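# A look at the structure
Residue strings, one per chain:
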Amino acid sequence: LTGTLVLSVFTAVLGFFQYGYSLGVINAPQKGTLAPPANSGEDLAHSMHILTMYWSLSVSVFAVGGMVSSFTVGWIGDRLGRVKAMLVVNILSIVGNLLMGLAKFGPSHLLIIAGRAVTGLYCGLSSGLVPMYVSEVSPTALRGALGTLHQLAIVTGILISQVLGLDFLLGNDEMWPLLLGLSGMAALLQFFLLLLCPESPRYLYIKLGKVEEAKKSLKRLRGNCDPMKEIAEMEKEKQEASSEKKVSIKQLFTSSKYRQAVIVALMVQISQQFSGINAIFYYSTNIFERAGVDQPVYATIGVGVVNTVFTVISVFLVEKAGRRSLFLAGLMGMLISAVAMTVGLVLLSQFAWMSYVSMVAIFLFVIFFEVGPGPIPWFIVAELFSQGPRPAAIAARGFCNWACNFIVGMCFQYIADLCGPYVFVIFAVLLLVFFLFAYFKVPETKGKSFEEIAAVFRR
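Only a predicted model underlies this, so the values are computations on that prediction, with no experimental measurement involved. Numbering of residues starts from 1 in every chain and runs along the sequence as written. Reporting in this predicted model follows two pLDDT cut-offs: at least 70 for local features of residues, and 80 or more for side-chain atom pairs to be given and counted; totals over whole chains, interfaces and linings ignore these cut-offs and use all residues. Side-chain calculation: all heavy atoms of the structure are included, whereas hydrogens and water are not.

## A word on the overall build of the protein chain
- Each helix and strand counted, the protein chain has 22 helices and zero strands in total.
- Its C-alpha atoms put the protein chain at 70 × 50 × 40 Å along the principal axes.
- Classification of the 459 residues of the protein chain by burial places 56% in the buried group.
- Should any heavy atoms of two residues lie within 4.5 Å, those residues are counted as being in contact. Restricting to contacts in the protein chain with at least 6 residues of sequence separation, those with at least 24 account for 81%.
- Values of accessible area rely on a 1.4 Å probe in the Shrake-Rupley scheme; residue burial ignores everything except the protein chains shown. Accessible surface computed for the protein chain: about 19600 Å², of which carbon and sulfur atoms make up 69%.
- The charge count treats Lys and Arg as positive and Asp and Glu as negative. His and the chain ends do not count. Charge positions come from single atoms, namely NZ of Lys, CZ of Arg, CG of Asp or CD of Glu. Here the protein chain carries 34 positive and 26 negative side-chain charges, and the mean point of each set is 9 Å from the other. Helix and strand definitions here come from DSSP, where helices need a minimum of 4 consecutive H or I residues and strands a minimum of 2 consecutive E residues; each element is numbered from the N-terminal end. When a residue's accessible area, from a 1.4 Å probe over protein chains only, is under 20% of the maximum for its type it is buried; when over 50% it is exposed; and in between it is partly exposed.

Okay, structure coming up:
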């Protein structure tokens, strides 16, 4: 582990930190920030309806940006190189954050929605470029552990946004534009640090054929060890890549050869987003209020802390316990927690102590998510496909993940109003479906070659 490698990975995952910050930050200004000015004679219910609409829109337009840009990840990464591509897309983040930071000086809800859309475009690109760069600069032995850092950066971003969203810090009527636009600072930091990072040696060697530059880059990343062993590995990968034709997204979905793997790759993303975890992040403060907590904001921050701690634990677990078993354990735990949460919310009016049941259930829900369904979908897709279909599979994964994120963000508030305390029953049913699917269809990928995994799908 050299200083340059640490700097490169840290700089890259700042992109995921911004993604996490954008997910969490929208929770704090929910009250009043996006409220359109209500005329004294205007019906309050109508004003609340408009507020819910603005609110859902500003949550979900972020995901629309991500959906749109996730398809261009492979193209921009190959065209500009990994580091230059991350540099260029950072401009989107800075622009989006400026729009939100200046929301007080214009039509605030429109500026926030525009800023969220532009930030979403950035996050869609960065959520593809960052794992690509990190996996290419990491030594093989550290690839799994460094791959889990994406999720750690996301939950750290969520936690920091929740702490800064406290009323006495930035979550008040005066300071909320600064709160929304603050991840622009991380974008600026990433911009300047990227100027110090070496280009991916794999990209230089396999895509551009620049042998000397690839060796230089490897020497910077690995310190004094001989680069020839890794160069030989890359040569082998280059031969395989040239013998294996690049697969388009259309071919990926129409060829029966990839069908099983594609279904697994997409279902893993769907189960990450439709598990109900976004509902907890987006509306946690609201859920704690319903459960009768005096200071719901602090409970939400508690969720953020637990989230971060268990992500750190999963960094160590994922190489030991295997992907499949952690994924299954996580889904089962979340299912039980969702049922407990529903019971707690339904019986709250009869037994005051039920509020503790719902709260414990929320914490357990988050813990089980971070054990498996949280981190694993980010890197398992790259393990399911070889060099040829991998770029198309990663683009499809990105689009699917963002599309589900959008649907949850847009619909959850309306469904919650409709179903009241029974809302998590929907997620419990979905979790059961995902568990059964994973049990019968998802293979173990830990320590297996692409050939061995492909053989599992052929059975």
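## Things to note about helix H1 (residues 3-25)
- With 23 residues, H1 extends 32 Å between its outermost C-alpha atoms, agreeing within 8% with the 33 Å of an ideal straight helix rising 1.5 Å per residue.
- At Leu14, H1 shows its largest bend, some 30°.
- For H1, the buried fraction is high: 18 of the 23 residues fall into the buried class. Under the convention used throughout, the expected extent of a helix is 1.5 Å for every residue step, that is, one less than its residue count. Bend at a residue means the angle formed by two fitted axes: the first through the 7 residues ending at that position, the second through the 7 residues beginning there.

## Section: the nonpolar core
- The nonpolar core is taken to be a set of buried Ala, Val, Leu, Ile, Met, Phe, Trp, Tyr and Cys residues, with the residues joined through side-chain atoms within 4.5 Å. Counting 61 residues, the largest nonpolar core has Leu252, Phe365, Leu384, Phe385 and Phe424 as its most contacted members.
- Among the elements that line this core, the one with the most residues is helix H21 (residues 423-441), at nine residues.
- Ala63, Val73, Val130 and Val137 belong to the second largest nonpolar core, which has 38 residues in total.

## So, the state of the cysteines
- We call a pair of cysteine sulfur atoms a disulfide whenever their separation is within 2.5 Å. Under the counting rule described, the total for this entry stands at zero disulfides.
- Residue Cys404 stays outside any disulfide, its sulfur separated by 4.3 Å from that of Cys400, the closest cysteine.
- Residue class for Cys404 comes out buried when judged on its relative accessible area of 6%.
- With no disulfide partner, Cys411 has as its closest neighbouring cysteine sulfur the one in Cys404, 11 Å distant.

## Some words on the side chain of Thr311
- Checked against the element boundaries, Thr311 lands in helix H16 (residues 296-321).
- Apart from the residues lying within four places of it in its own chain, the contact partners of Thr311 are Gln151, Leu152, Val155 and Glu370.

## Quick word on the packing of helix H20 (residues 390-419) against H21
- Between the N-to-C directions of two axes lies an angle of 0 to 180 degrees, each axis being a line fitted to C-alpha atoms and, for a helix, fitted only over the stretch in contact. It is the contact of H20 with H21, at a shortest axis distance of 8 Å, that shows an interaxial angle of 115°. Residue-level contacts link Phe412, Ile415, Ala416 and Cys419 of H20 to Val423, Ile426 and Phe427 of H21.
- Across the contact of H20 with H21, the residue classes break down as seven nonpolar, no polar and no charged. Note on residue categories: nonpolar means Ala, Val, Leu, Ile, Met, Phe, Trp, Tyr, Cys or Pro, charged means Asp, Glu, Lys or Arg, and polar means any other residue, Gly included.

## Things to note about the pattern of salt bridges
- Salt bridges are defined by distance alone: a side-chain nitrogen of Lys or Arg within 4 Å of a carboxyl oxygen of Asp or Glu. The full count for this structure, using the stated rule, is eight salt bridges.
- Residues Asp78 and Arg82 are paired through a salt bridge, measuring 2.9 Å at the closest nitrogen-oxygen approach.
- Arg202 is paired through a salt bridge with Glu237; the nearest N and O atoms lie 2.8 Å apart. Of this pair, Arg202 sits in helix H10 (residues 201-207) while Glu237 sits in helix H12 (residues 228-243), and the two are 35 residues apart along the sequence. Each member of the pair, Arg202 together with Glu237, is buried.
- Through salt bridges with shared partners, a single network forms among Asp78, Arg82, Glu136, Lys207 and Lys246.

## Some points on helix H9 (residues 183-194)
- The end-to-end C-alpha separation of H9 is 16 Å, in line with the 16 Å expected for twelve residues at 1.5 Å each.
- When we look at burial in H9, the residues that qualify are Ser183, Gly184, Ala186, Ala187, Gln190, Leu193 and Leu194.
- Of the surrounding elements, those touching the buried residues of H9 are H1, helix H4 (82-101), helix H5 (108-137) and helix H8 (176-181).

## Observations concerning empty space enclosed by the protein
- The method works on a 1 Å grid over the protein atoms by themselves. A cavity is a set of points holding a 1.4 Å probe that cannot get out, a pocket is an open set with protein on both sides within 12 Å along at least five of seven lines, and residues with an atom within 4 Å of a point line them. Grid points are joined across faces, edges and corners, and a volume is the space filled by probe spheres set on the points. Per the stated rule, a full pass over the model turns up five cavities of 30 Å³ or more.
- The volume enclosed by the largest cavity comes to roughly 130 Å³.
- Taken together, 15 residues line the largest cavity, and the ones lying closest to its centre are Leu23, Gln151, Ile154, Asn278 and Phe369.
- Per-element accounting of the lining of the largest cavity gives the leading share, four residues, to helix H7 (residues 149-164).

## Things to note about a nonpolar patch on the surface
- Here a patch means residues that are over 30% exposed by relative accessible area and free of salt bridges, tied together within 9 Å if like-charged and within 5 Å if nonpolar (Val, Leu, Ile, Met, Phe, Trp, Tyr). There is a patch of nonpolar side chains on the surface, built from Leu80, Val88, Ile91 and Val95 and spanning about 300 Å² of accessible area.
- No other element matches the three residues that H4 contributes to the nonpolar patch.
- As for its position among the elements, Ile91 is in helix H4.

## Let's talk about the domain arrangement of the protein chain
- These domain limits were set by an automatic method or by a database of domain assignments. Split into domains, the protein chain comes out as domain 1 (1-197) and domain 2 (247-458).
- Computed over C-alpha atoms only, the centres of domain 1 and domain 2 are separated by 20 Å.
- Buried area is understood as the total, over both parts, of accessible area removed when two parts are fitted together, assessed with a 1.4 Å probe. When domain 1 packs against domain 2, close to 3600 Å² is buried across both sides, 70% of that on carbon and sulfur atoms.
- Our count for the domain 1 to domain 2 interface comes out at zero salt bridges.

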